[in-house]
Amino acid sequence: MAAETVDHPWYSDEIPIIVNSGRLAFEKNQAHLLKAFVLVKKKRPCRLVLIGDGEERDALSLLASNLGIRDDVLFLGYQKNPFKFIARSRVFAFPSLFDAQSLVMLESMAVGCPIVAYDCPVGPREMLAPGTTNTTGFDRIEDARYGVLVPLGNIELFAHAIMRLVDDPGLWARYSRLAEERASHFNMQDMADRYYRVIASAALRKPGPGFTGDEPS
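Not measured: the values here are computed from a predicted model.

Draft legend 1. Summary view of the packing of helix α1 (residues 30-43) against helix α2 (residues 57-66). Packing of α1 against α2 brings their axes to within 10 Å, and their N-to-C directions diverge by 15°. If you check the angle between α1 and α2, you find them roughly parallel. Note on packing geometry: the crossing formed by α1 with α2 is right-handed. Here Q30, A31, L34 and K35 of α1 come into contact with α2, specifically with L60, L63 and A64. In terms of residue class, the contact of α1 with α2 is made up of five nonpolar, one polar and one charged.

Draft legend 2. The arrangement of the packing of aromatic side chains in detail. Under the counting rule described, the total for this entry stands at three aromatic pairs. Geometrically, the ring pair formed by Y118 and F158 is tilted, given 4.9 Å between the ring centres and 55° between the ring planes. In this pair, Y118 is assigned in strand β5 (residues 115-118) and F158 in helix α6 (residues 155-167), connecting sequence segments 40 residues apart. You can call F158 buried: its relative accessible area is 1%.

Draft legend 3. Summary view of the nonpolar core. L128 and I162 are the most contacted members of the largest nonpolar core, which totals 65 residues. In terms of residue count, α6 provides more of this core than any other element does, nine residues in total. Ignoring anything within four residues of it in the chain, the contact list for L128 reads M105, M109, I115, A117, A144, R145, Y146, G147, V148 and L149.

Draft legend 4. Geometry of unusual backbone geometry. A cis geometry characterises the amide bond from P121 onward to V122, with omega recorded as -5°. Tracing the backbone through its elements, the reader meets V122 in the loop between β5 and α5 (123-128). Phi angles above zero are rare outside glycine, and N29 is one such case at about 60°. Looking at the element boundaries, N29 is found in the loop between β1 (17-21) and α1.

Draft legend 5. Seen up close, the packing of α1 against α6. Viewed as axis vectors pointing N to C, α1 and α6 meet at an angle of 55°, and their least axial separation amounts to 8 Å. As far as their axial angle goes, α6 and α1 are oblique. In terms of crossing hand, the pair formed by α1 and α6 is right-handed. Facing H32, L33, K35, A36, L39, V40 and K43 of α1, the residues of α6 in contact are I155, E156, F158, A159, I162 and M163. Here the residues of the contact of α1 with α6 sort into nine nonpolar, one polar and three charged.

Draft legend 6. Main features of the layout of surface pockets. Put simply, the largest pocket is a space of about 150 Å³. Lining the largest pocket are W10, Y11, D13, E14, I15, P16, I17, R88, S89 and R90. Residues belonging to the lining of the largest pocket are distributed by class as follows: five nonpolar, one polar and four charged.

What counts, and where the lines are drawn
- Residues numbered from 1 in each chain as written.
- Predicted model: local features only at pLDDT ≥ 70, side-chain atom pairs only at ≥ 80, totals over all residues.
- Heavy atoms only, no water.
- Axes fitted to C-alpha atoms, helices over the stretch in contact; angles between N-to-C directions.
- Helix = DSSP H or I, 4+ residues; strand = E, 2+ residues; numbered from the N terminus.
- Parallel < 35°, antiparallel > 145°, perpendicular 65-115°, else oblique.
- Left-handed = near helix turned anticlockwise from the far one by under 90°.
- Contact = heavy atoms within 4.5 Å.
- Nonpolar A, V, L, I, M, F, W, Y, C, P; charged D, E, K, R; others polar.
- Phe/Tyr/Trp six-rings, centres within 6.5 Å; stacked < 30°, edge-to-face > 60°.
- Buried < 20%, exposed > 50% of the residue type's maximum accessible area, 1.4 Å probe, protein only.
- Core = buried A, V, L, I, M, F, W, Y, C linked by side-chain atoms within 4.5 Å.
- 1 Å grid on protein atoms, 1.4 Å probe; cavity = no way out; pocket = protein on both sides within 12 Å on 5 of 7 lines; lining within 4 Å.
- Points joined across faces, edges and corners; volume = space filled by probe spheres on them.

As structure tokens, then:
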């Protein structure tokens, strides 16, 4: 699906595209992405594509107009195949205020699109920096193992993290490769094996005190 042709002129030239995919809703926080995009665009040519729909669409469109970037922001709405757009974008920007394990983040990594994400509770760190805790405070970008984490709410740093991936081909290539590597950890067979190990371990445990074997199932 990522290899399908994209019939839009933005994807036929060399201007870098920043992409976000998901419901346009308060908790997804695309408003911060629009404000960060203003800072990025002041420094270099770029465009922003928002895939998805939701209750915040009109407000976000108005905000883009008020920020003077409406001509550089494409609201694509719902797409049956978002992967072809994400695969041809430079950065996947994930500014959510909170999120569980994000499917769209995993899908973006699977097509090799590097991630810049707010270090919100709880999914982005689990995906990009497994086994770690937040030690960066509010004023430092974290080049995590599989992507870039930014302190929650710091729009200026979010913009700076995006610019680094846009400007540095080596950094971009490294995180593109690592994104695909991380996505591969979530293949069906590995996940089934993990479930099996957990279930098998539980089955081998000794019953606790007071267990008679006659308890109702």
